[in-house]
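Chain by chain, the residues:
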Amino acid sequence: MKIFKTIAWIALVALLAIQFFPVDYNQGETVPPTDFMFVNNVPATVEKSLRVSCYDCHSNNTNYPWYNKIQPVAWFLENHIEEGKKELNFNEWGDFSDRRKTSKLRSIISQIEDDQMPLASYTFIHRDAKFSKSEKKEIIEYMTQLKKSL
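Residues numbered from 1 in each chain as written. Predicted model: local features only at pLDDT ≥ 70, side-chain atom pairs only at ≥ 80, totals over all residues. Heavy atoms only, no water.

- Named according to an unreviewed UniProt entry, the chain is Heme-binding domain-containing protein originating from Autumnicola tepida.

## Concerning helix α7 (residues 133–149)
Part 1 of the reasoning: With 17 residues, α7 extends 24 Å between its outermost C-alpha atoms, agreeing within 8% with the 24 Å of an ideal straight helix rising 1.5 Å per residue.
Part 2 of the reasoning: What α7 keeps buried is the set Lys136, Ile139, Ile140, Tyr142, Met143 and Leu146. Burial along α7 is one-sided: seen end-on, the buried residues are contained in an arc of 165°. Counted as exposed and oriented over 90 degrees from the buried face of α7: Lys133, Ser134, Lys137, Gln145, Lys148 and Ser149.
Part 3 of the reasoning: Where α7 is buried, its residues contact α2 (36–39), α3 (44–53) and α5 (98–113). (Helix = DSSP H or I, 4+ residues; strand = E, 2+ residues; numbered from the N terminus. Expected span 1.5 Å × (residues − 1). Buried < 20%, exposed > 50% of the residue type's maximum accessible area, 1.4 Å probe, protein only. Arc of directions from axis to C-beta. Contact = heavy atoms within 4.5 Å.)

## Here we look at the packing of α3 against α7
Part 1 of the reasoning: Between α3 and α7, the least distance of the axes is 10 Å, while the angle of their chain directions is 105°. As judged from the angle between their axes, α3 and α7 are roughly perpendicular. For the pair α3 and α7, the contacting residues are Thr45, Val46, Ser49 and Leu50 in the first and Glu135, Glu138, Ile139, Tyr142 and Met143 in the second.
Part 2 of the reasoning: Considering only residue class, the contact of α3 with α7 consists of 5 nonpolar, 2 polar and 2 charged. (Axes fitted to C-alpha atoms, helices over the stretch in contact; angles between N-to-C directions. Parallel < 35°, antiparallel > 145°, perpendicular 65-115°, else oblique. Nonpolar A, V, L, I, M, F, W, Y, C, P; charged D, E, K, R; others polar.)

## Some thoughts on the nonpolar core
Part 1 of the reasoning: Phe36, Leu50, Phe90, Ile108, Ile139, Tyr142 and Met143 are the most contacted members of the largest nonpolar core, which totals 21 residues.
Part 2 of the reasoning: For this core, the elements supplying multiple residues, two or more each, are α2, α3, α5 and α7.
Part 3 of the reasoning: Among the elements that take part in this core, α7 stands out by supplying 5 residues, more than any other. (Core = buried A, V, L, I, M, F, W, Y, C linked by side-chain atoms within 4.5 Å.)

## A word on the packing of aromatic side chains
Part 1 of the reasoning: Inspection of every chain in the model, using the stated rule, returns 5 aromatic pairs.
Part 2 of the reasoning: For the ring pair tryptophan 66 and tyrosine 67, a centre distance of 5.6 Å and an interplane angle of 85° mean the geometry is edge-to-face.
Part 3 of the reasoning: Members of the aromatic cluster, connected to one another through ring pairs, are Phe36, Tyr55, Phe90, Trp93 and Phe96.
Part 4 of the reasoning: Here the basic side chain of arginine 51 rests over the ring of tyrosine 55, its NZ or CZ set 4.9 Å away from the ring centre. (Phe/Tyr/Trp six-rings, centres within 6.5 Å; stacked < 30°, edge-to-face > 60°. Lys NZ or Arg CZ within 6 Å of the ring centre and 35° of its normal.)

## Let's talk about the layout of surface pockets
Part 1 of the reasoning: Counted as a void, the largest pocket has a volume near 380 Å³.
Part 2 of the reasoning: As for the largest pocket, its lining consists of 21 residues, and the residues nearest its centre are Cys54, His58, Leu88, Gln111 and Met117.
Part 3 of the reasoning: Mapped by element, the contributors of at least two residues to the lining of the largest pocket are α3, α4 (73–87) and α5.
Part 4 of the reasoning: Sort the elements by how many residues they give to the lining of the largest pocket and α5 lands first, with 5 residues.
Part 5 of the reasoning: In the lining of the largest pocket, the residues fall into 11 nonpolar, 6 polar and 4 charged.
Part 6 of the reasoning: What lines the second largest pocket is a set of 19 residues, and nearest its centre among them are Arg51, Tyr55, Asp56, Asn61 and Asn63.
Part 7 of the reasoning: Taken together, the residues of the lining of the second largest pocket break down into 8 nonpolar, 7 polar and 4 charged. (1 Å grid on protein atoms, 1.4 Å probe; cavity = no way out; pocket = protein on both sides within 12 Å on 5 of 7 lines; lining within 4 Å. Points joined across faces, edges and corners; volume = space filled by probe spheres on them.)

Written out as structure tokens, the structure reads:
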């Protein structure tokens, strides 16, 4: 029993200690003119869906939940955001070549069709981020049309 108490105290001290190692938050001051919404004529319903379901991990301005102040959760979330931005950053859309845009649109369409995006781990907590069938259809149609126009 004494070893259990010692381990519990060490774990508690470690948990408290890691709270002093914050992350760099992904919160830009402004939305750049290269943002997907500025570059394209995005319908309001598609824009709303993308902002709710995609922009937290795929832009330079994340809307953080309250639990992001707690380590190691903050490290986990920040890692997800960094990985998401490496794959696609909607704020940099205007800087992409047409070839890269086409590739990204193809990927977006495929991942939404296959229910790979938004991630299940994200929609588990953010229920409003899960696409309805009509939202999926509308986004896929818009992205397909956009891809054809490039």
